[in-house]
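# Structural overview
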Amino acid sequence: MASELTTSAARQRAGLSGWLRRNLFSSWWNAAVSLVLLGLLAMLAVRLFQWLIIDAQWAGSAPSACADTTSLCWPFVRARWPQFLYGLYPSEEVWRVNLGLAAGALLGAALAVRRMPARRWIAAFLLLAYPPLAWWLFRGGTWGLTPVQTSLWGGFFLTLVVTGSVFWVSLLAGVLLALGRQSRLALVRQACTVWIEFWRAVPVLVLLFVVIIMLPLFLPANIEIDKLGRAMIAFAILMSTYLAEAVRGGLQSLSAGQYEAARALGLNWRQSRLHVVLPQALAVSLPQITSNFIGLFKETTVLLVIGLFDLLGEVQRAASDPQWLGTGTTAAGYIFVAVFFWTACFCLSRASSRLERRITRYRAAAT
Amino acid sequence: MRGNSGLRRQRLAEGETPSLPGMRKNSAFWLQCLLGLALVALVVLVFRTTQSNLELLGVQSGFDFLWKKAGFSISQHLIPYTEDSPIWVALAVAILNTLLLAVFCIFLASLLGLAVGIGRLSSNWLVSRLSLAYLELFRNIPVLLQIFFWYYVALRALPSLESSIFITDYLVLNNRGLYFPFIEFANGFAISPPVPGRFAYEGGFYLMPEFLALWIGLSLYNGSYISEIVRSGFQSVARGQWEAGAALGLKPATVLRRVALPQALRAVLPPLTTVYMNMFKATSLAAAIAYPEIVSVFVGTVNNLAGRPVEVMAVSLVFYAGVSFLVAWLMGRWNKRVTMRGQ
Amino acid sequence: MRVVPGLALCALAVLPAGGASADTLSDVLERGMLRCAVIEASPGFSSIDANGRRYGFDIDNCRTVAAAVLGDADAIEYVPINPNTAFTTLQSGGVDVFPGGATWTFLRDTSMGLDYTGAYLYAGQGFVVRRASGVSSVPDLEGATICVAQGTTNEQNLADYFRARRMKYSIVTFADVERGLNAYLADRCDAFTTEVFSLAGRIVALRNPGEHRILGDVISKEPFSGLVRQGDPRWRDIVFWAFNSRLAAEEFGLTTSNVEEMRATTEDAEIRRFLGVEGGFGRQLGLRDDWAYQIVAQVGNYGEVFARHFEPLGLERGLNALWRDGGLMIAMPYR
């Protein structure tokens, strides 16, 4: 129990040997377990090293470089790199993607710097102006930009666009749904509850099929939404219900005193929600919100089932090229995607728990 | 995508806001009437549009297709099914396949989660670190990618029929699946072992590679979430409880079983249900590989056969929603009982 | 519809009335783009080259319609679809035409809300097996595991064939042909089945085509036709006559290289009507008079298109030769 605590204490006391004795060989039973595990681990490490590095094929970038179809084929990743990044986005227009994503990353980074001047304005820009601007840049069609149809979007780019846009819309809708679920009006409350509880029960893949196939039937013919748009609507429906539940947890954690205080100050409903209730509720539910964000990020891989090519979809598509076909190629592609997702999700969850600690400290100091 | 537990259904009134100044009861009533009308109008509008769209397209509607002959084959069926069976039997087959997968996954994921969760708390540094490594590795990679890895890489590397792996004499593994003896109902009760045929093993029962990939993938992924729940469940049991147990002269295993486990269970149940439900919903990923569960059979095959998109989708939605609500209700009741007994 | 509360009625009055648009032609003209559904990665039919450009028989079908309607064979927005959702995608709109190898069957035509635009390719369902397996005909496959794409006529033909002969088999159904074939290649199945054109194209493209064998017998006939949504007869006519024009061009001896010259010099009245020199046939369809000329000039005649995509795969015209050469292809007359 509580191994982390004892670890540092032991290390201080008796150096390496003491630490080993304490943590690995404290009893006969423990020693046996440790030895078996060490043996297995060493075997696994050797096997993995062999598979990933030594037996793998490295040189070249043509299918002929992977004569052996079963051992790992890294040239595949190199050869299909642009497709993994941008899908079929026309290569002469790729600068638009780079520009848009770089701007987003820069704004995000600026927000992370605590002493940034005009941080509030940057946040407002990122939340309100950036998404439509980026969409316009990617989609084109007006003001001299060549249109690029969404069916050409793919790879890493599509994964980011879908995650970002869906999260953006869902956060707003989620907050509204959470407030609606607490409404004093019975009808609003019931409607929001039914909506949330129903969609929470449905798998994302089923909802994707439902929206892609049925939405056009529900809409009059003069409204057309392309496949990417429909897929994002499906994701947003689910995501907003999840976020609504997260925010509701935050709202419930507030004491009634907060509501009363807001009223005593003479704030009306909108003012009290905007300035008193929501900032606190959102801060409390932040860990939930980030874990939902990470979930969404991972879930975008499902897009490949309905024929949209996110990062995993592009890898899958490229690996089915008859010239490349083979388990070694597929495995290399999957490992590449896995490393990407793992790094991103791991860093995000670490960042989130740091933020959580900071907020806890801040709140503790405030009360 | 994970929602937080929906089971700790707190009274809605708890978060209700005190009534606002300046708004009389009357105006709230009219506001609701207005909203209600708008809602009805929206529903009517959507219904009417859909109807006229379908009419214009000449798409037929109704559930009569469920009684038509299916005309397609399903490789894994737990109940008798042939191409001549009606579509509703195909639906039942698909539902059973979904449930079979879900039950297998829940079992394996729970086992893994329990082992790893306890491992996290081990005093052996290596065990606790390895448990942590498992958690971080599998939790941060999309589950679909993991399933693909097992299906397209790991299981594809299995040997073919001629060089099958014999785990025991009657448990055979090759690239067509995992074969084991099974009860044969055809002529009385008899155990029929798998025997090699021309193309594959025959007799007995087998788990197809698609099933194995989903089973392994979903279990490893969700096991990581369960391990976290188990760990925090045990940590929620106060240290004093362990010490009190020890002071009474109970063996650690007895303390675990009689003292810690019942208490941990109470903390664990609501989030565990959420993970189970997520896992059940995630069985729909089978449509991405070729396991014949409800999405694959219904949305994939029947939809093209019958040409009734609205009905086919409705059946799938109702199935998932129905099971979810049933489980939520059962777990809610069980949760109540466990909580009451603890007090 | 029964009586609806007042507010609902107001809402209905304000919002536009529902109903799918029945005028695809003006939609396409207004958009300046043809929305054409394609199935991805099907050698011979639909592929993407290293520069991201699409080519193949299906793609040329899209280009044929675009050339006729818009005068520009490249004014196309491709909408990638899966076979298992192809029909519902078509029903639900967002696509003007799907020329990608859908078999013309009674039930699909009568119950799906779709219209067929005339057969443009005759194929049959065949099987590929590993040479090493020793299978030499379809009946040899008794007890075998067979991979197939989901929601296709192939899945149903397979069931019909084996059931009629009381043969046992097990089936693994994949979302598309590509995944099904890849599963077969990875030895998940003993055979893979789809129509022979696409099968041959895919096997030739493999690294080791010699290890596989396409069985000589086919178990079905698969007449491929373009598909449009039901309820727009003029649009169906346009797609039908656009495809017909390629056959007519071949009968007339018109090719991409000589069509310009022929338009200026020919005395044949039917060819003159066909190329829009006289008769105003284009306007009858709501198109420009040079619609067929644009098809031949930009895409080519049927023989050229076939040769471009299928000859490299070692496929012969067979049933798809012109009627006068012993095939089934016949152009409807222009008069």
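None of these values were measured; they are calculated from a predicted model. (Residues numbered from 1 in each chain as written. Chains lettered and ligands numbered in written order. Predicted model: local features only at pLDDT ≥ 70, side-chain atom pairs only at ≥ 80, totals over all residues. Heavy atoms only, no water.)

Along the backbone of chain C there are 14 helices and twelve strands. The C-alpha extent of chain C, read off along each of the three principal axes, is 70 × 60 × 40 Å. Per-residue burial for chain C yields a buried fraction of 61% across its 335 residues. Partitioning the intrachain contacts of chain C with sequence separation of at least 6 by distance along the chain shows that 74% fall at a separation of at least 24. Positive and negative side-chain charges of chain C, numbering 32 and 41 respectively, have mean locations separated by a distance of 4 Å. (Helix = DSSP H or I, 4+ residues; strand = E, 2+ residues; numbered from the N terminus. Buried < 20%, exposed > 50% of the residue type's maximum accessible area, 1.4 Å probe, protein only. Contact = heavy atoms within 4.5 Å. Lys, Arg positive; Asp, Glu negative; His and termini not counted. Charge placed at Lys NZ, Arg CZ, Asp CG, Glu CD.)

For the rest of this paragraph, the subject is the overall build of chain A. Each helix and strand counted, chain A has 14 helices and zero strands in total. Ordering the α and β elements of chain A from the N terminus gives α-α-α-α-α-α-α-α-α-α-α-α-α-α. Structurally, chain A occupies a C-alpha span of about 70 × 65 × 45 Å along its principal axes. Out of the 367 residues belonging to chain A, those deemed buried represent 48%. Within chain A, contacts between residues at least 6 apart in sequence are counted, and of these 66% link residues at least 24 apart. Of the side-chain charges in chain A, 31 are positive and 15 negative, and the distance between the mean point of each set is 15 Å.

To continue, consider the interface of chain B and chain C. A common measure of how large an interface is: the accessible area buried when the components associate. Each partner contributes residues to the interface: chain B has 47 residues there, and chain C has 55 residues. Where chain B abuts chain C, roughly 4,200 Å² becomes buried across the two surfaces, and 54% of that area is made up of carbon and sulfur atoms. When the buried surface of chain B facing chain C is broken down by residue, B:Leu57, B:Phe199 and B:Asn304 rank first, second and third, together holding 17% of it. Here chain B is connected to chain C by four salt bridges. Salt-bridge contacts for C:Asp187 lead to B:Arg176; the nearest nitrogen and oxygen are separated by 3.2 Å. In this structure, the connection of chain B to chain C is made through twelve residue pairs in polar contact (both at pLDDT 80 or more). (Buried area = accessible area lost by both parts, 1.4 Å probe. Salt bridge = Lys/Arg side-chain N within 4 Å of Asp/Glu carboxyl O. Polar contact = N/O pair within 3.5 Å; in protein donor to acceptor, adjacent residues only side chain to side chain.)

Residue and element names in this part refer to chain C. The domains assigned to chain C are domain 1 (7-123 + 223-325) and domain 2 (125-220). Taking the mean C-alpha position of each, domain 1 and domain 2 sit 30 Å from one another. On the domain 2 side, the residues contacting the 20 residues of domain 1 number 15 residues. Buried surface at the junction of domain 1 and domain 2, summed over both partners, amounts to about 1,400 Å²; 65% is from carbon and sulfur atoms. Counting across the domain 1 and domain 2 interface gives zero salt bridges. Summed over the shared surface of domain 1 and domain 2, the number is one residue pair in polar contact (both at pLDDT 80 or more). Looking at the side of domain 1 that touches domain 2, the elements that each hand over two or more residues are strand S6 (114-123) and helix H14 (302-310). (Domains from an automatic or database assignment.)

Before going further, it helps to spend a moment on the environment of B:Lys336. Summarising the element assignment, B:Lys336 is placed in helix H9 (residues 309-342). It is 9.5 Å that separates the C-alpha atoms of B:Lys336 and B:Arg266, two residues lying 70 residues apart in sequence.

With that settled, consider the sheet that holds strand S2 (residues 171-174) of chain B. In any sheet, the strands associate via hydrogen bonds between backbone groups, in a parallel or an antiparallel arrangement. Residue and element names in this part refer to chain B. Spatial ordering of the open sheet is given by S1-S2-S3-S8, a layout of four strands whose pairing is antiparallel. The open sheet has two free edges, formed respectively by strand S1 (165-168) and strand S8 (205-207), since each of these has just one partner strand. In this sheet, neighbouring strand axes are inclined to one another by 25° on average, regardless of whether the strands run parallel or antiparallel. In this structure, S1 lies alongside S2, joined through three bridges in antiparallel fashion. When the bridges of S2 are listed, phenylalanine 166 appears paired with valine 172. Against the sheet, helix H5 (residues 209-236) touches S2, strand S3 (177-180) and S8, its axis set at about 50° to S8. (Pairing = 2+ DSSP bridges. Axes fitted to C-alpha atoms, helices over the stretch in contact; angles between N-to-C directions.)

Take the interface of chain B and chain A next. Contacts between chain B and chain A engage 71 residues on the former and 76 residues on the latter. Contact between chain B and chain A buries roughly 6,800 Å² in total, counting both sides, with carbon and sulfur atoms accounting for 68%. Applying the counting rule to chain B against chain A returns one salt bridge. The closest approach of N and O atoms between A:Arg350 and B:Glu136, which form a salt bridge, is 3.4 Å.

As enumerated under the stated definition, the model contains nine cavities of 30 Å³ or more in all. In this structure, the largest cavity spans a volume of roughly 280 Å³. Forming the boundary of the largest cavity are 21 residues, of which A:Val204, A:Glu299, B:Val143, B:Asn278 and B:Ala282 lie nearest the centre. Of all the secondary-structure elements, those providing two or more residues to the lining of the largest cavity are helix H9 (204-218) and helix H12 (269-299) of chain A together with helix H4 (143-154), H5 and helix H7 (252-282) of chain B. Top contributing element to the lining of the largest cavity by residue count: H7(B), with three residues. Looking at the lining of the largest cavity residue by residue, the classes come out as 13 nonpolar, four polar and four charged. (1 Å grid on protein atoms, 1.4 Å probe; cavity = no way out; pocket = protein on both sides within 12 Å on 5 of 7 lines; lining within 4 Å. Points joined across faces, edges and corners; volume = space filled by probe spheres on them. Nonpolar A, V, L, I, M, F, W, Y, C, P; charged D, E, K, R; others polar.)

Turning our attention to the pattern of salt bridges. Under the definition given, this model contains 30 salt bridges over all chains. Here A:Glu93 makes a salt bridge to A:Arg96, at a shortest N to O gap of 2.8 Å. Residue A:Arg96 is classed as buried on the basis of its relative accessible area, which comes to 0%. Close ionic contact of C:Asp176 with C:Arg179 constitutes a salt bridge, the shortest N to O distance being 3.8 Å. The class of C:Asp176 is buried, set by a relative accessible area of 11%. Among the ionic contacts, a cluster of salt bridges with common partners joins A:Arg181, A:Glu197, A:Arg200, A:Glu245 and A:Arg248.

Let us look at the domain arrangement of chain A. Domain boundaries assigned for chain A yield domain 1 (2-54) and domain 2 (74-89 + 148-366). Put simply, the middle of domain 1 of chain A and the middle of domain 2 of chain A, counted by C-alpha atoms, are 39 Å apart.

One pass over the full model with this rule turns up 55 aromatic pairs over all chains. On the basis of an interplanar angle of 80° and a centroid distance of 4.9 Å, the ring pair of A:Phe138 and A:Phe157 is categorised as edge-to-face. With A:Phe138 in helix H6 (residues 119-139) and A:Phe157 in helix H7 (residues 155-181), the pair connects residues that are 19 residues apart, well separated along the chain. Its end group placed over the ring of C:Tyr161, C:Arg165 keeps NZ or CZ at 3.8 Å from the ring centre. Across the ring face of C:Phe57, the terminal group of C:Arg246 is positioned such that the distance to the ring centre comes to 5.9 Å. (Phe/Tyr/Trp six-rings, centres within 6.5 Å; stacked < 30°, edge-to-face > 60°. Lys NZ or Arg CZ within 6 Å of the ring centre and 35° of its normal.)

All names here are of chain A. A cluster of like positive charges, contributed by Arg114, Arg115, Arg119, Arg354, Arg357, Arg358 and Arg361, occupies part of the molecular surface. Tallying contributions element by element places helix H14 (residues 327-366) first for the positive patch, with four residues. Following the sequence through the fold, arginine 357 ends up in helix H14. (Patch = residues over 30% accessible without salt bridge, like charges linked within 9 Å, V, L, I, M, F, W, Y side chains within 5 Å. Areas by Shrake-Rupley, 256 points an atom, 1.4 Å probe, with all protein chains shown as cover.)

Moving on: H9(A). When the terminal C-alpha atoms of H9(A) are compared, their 20 Å separation across 15 residues agrees well with the 21 Å that a helix rising 1.5 Å per residue should span. The sharpest bend along H9(A) measures roughly 35° and falls at A:Ile212, with the proline A:Pro216 sitting one to four residues further on. (Expected span 1.5 Å × (residues − 1). Bend = angle between axes of the 7 residues up to and from the residue.)

Turning our attention to the state of the cysteines. Residue and element names in this part refer to chain C. Across all of its chains, the model carries two disulfides over all chains by this definition. Here cysteine 147 pairs with cysteine 189 through a disulfide, and the sulfurs are 1.8 Å apart. For the disulfide bridge between cysteine 147 and cysteine 189, the dihedral angle about the S-S bond is near 65°, and by the sign convention the bridge is right-handed. With a gap of 42 residues between them, cysteine 147 in strand S8 (residues 145-149) and cysteine 189 in the loop between helix H7 (177-185) and strand S10 (191-195) connect regions that are remote in the sequence. Residue cysteine 147 is classed as buried on the basis of its relative accessible area of 0%. (Disulfide = S-S within 2.5 Å.)

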